[in-house]
Structure formats: C-alpha cells, structure tokens
Amino acid sequence: EGARKAFATAGIPVKVLNTGSMHEVHVLKEAGLPIITVKDSLENTLAERSKEVQIRLINNGVYNLHGGCMTTAHSDADVQFIIAAYQKVAQEMAAS
C-alpha cells in the first residue's frame, strides 16, 4: 500500500501487482490501464520507467530487482525504510 500511495501522491500512474508477500511496481502509460496478462504488461506500461523505479530504489538502499518481497523477518523499521524509499523515488521521478 505504501508504494501505491507514494506514486499516487506524486501523480505517477502505477499498478502494484502482488501475490502474497511479493510485489512489483509497473509504471503505466496512463492511469487505470489493466495489467492482467503479459500482453497488457507490454502494451500498457512504460518499461524503462519501471526499471527506473528499481534503479532508484537501489540508489536509496532498497534492493528490489524483479519486484520485492516482504516477510516476517522485516521489522517495522525495515517496512518504514522501504516505504520512505518509495516516497523518495516517486518524488524524484515526478521531478525528472
């Protein structure tokens, strides 16, 4: 939920796909486009901007290549650090 809110606040349309504890952020060409199939992913997302999210997260201390995974091993402080990184990334991308 933190990633969704961060990008919504920054005005960047994304779809955060998740299964259980795994998630991945896809930057959409425009708000509301679906990502249900691989074809949707190819047609409705900005692949380079989605990669940019991953690179910026790494630059902000969060390794999130090919999506992320939250587990019970993550402390509340870890979760807050990750959410703060998403917020910073969203702000950086909105400014660029």
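Structure: see above.
Values in this document were obtained by computation on a predicted structure and should not be read as measured data. (Residues numbered from 1 in each chain as written. Predicted model: local features only at pLDDT ≥ 70, side-chain atom pairs only at ≥ 80, totals over all residues. Heavy atoms only, no water.)

**Q** Describe the overall build of the protein chain, with residues and values.
**A** Of regular secondary structure, the protein chain possesses four helices and three strands. For a compact globule of 96 residues, the expected C-alpha radius of gyration is about 12 Å, and the protein chain comes in at 13 Å, within 12% of that figure. Considered along the principal axes of its C-alpha atoms, the protein chain spans approximately 35 × 30 × 20 Å. The buried share among the 96 residues of the protein chain stands at 33%. Within the protein chain, residue pairs in contact and separated by at least 24 positions form 46% of the contacts whose partners lie at least 6 positions apart. In the protein chain, 9 side chains carry a positive charge and 10 a negative one; their mean positions are 3 Å apart. (Helix = DSSP H or I, 4+ residues; strand = E, 2+ residues; numbered from the N terminus. Rg over C-alpha atoms; globule rule 2.2 N^0.38 Å. Buried < 20%, exposed > 50% of the residue type's maximum accessible area, 1.4 Å probe, protein only. Contact = heavy atoms within 4.5 Å. Lys, Arg positive; Asp, Glu negative; His and termini not counted. Charge placed at Lys NZ, Arg CZ, Asp CG, Glu CD.)

**Q** How would you sum up the packing of helix H3 (residues 47-59) against helix H4 (residues 76-95)? Please name residues and give values.
**A** Interaxial distance between H3 and H4 falls to 10 Å at its minimum, and their mutual angle equals 130°. Judged on the interaxial angle alone, H4 and H3 are oblique. When you trace H3 past H4, the crossing you get is right-handed. Of the residues in H4, those touching H3 at Arg 49, Glu 52, Val 53, Arg 56 and Leu 57 are Ala 85, Tyr 86, Val 89, Glu 92 and Met 93. When its residues are assigned to classes, the contact of H3 with H4 shows six nonpolar, no polar and four charged. (Axes fitted to C-alpha atoms, helices over the stretch in contact; angles between N-to-C directions. Parallel < 35°, antiparallel > 145°, perpendicular 65-115°, else oblique. Left-handed = near helix turned anticlockwise from the far one by under 90°. Nonpolar A, V, L, I, M, F, W, Y, C, P; charged D, E, K, R; others polar.)

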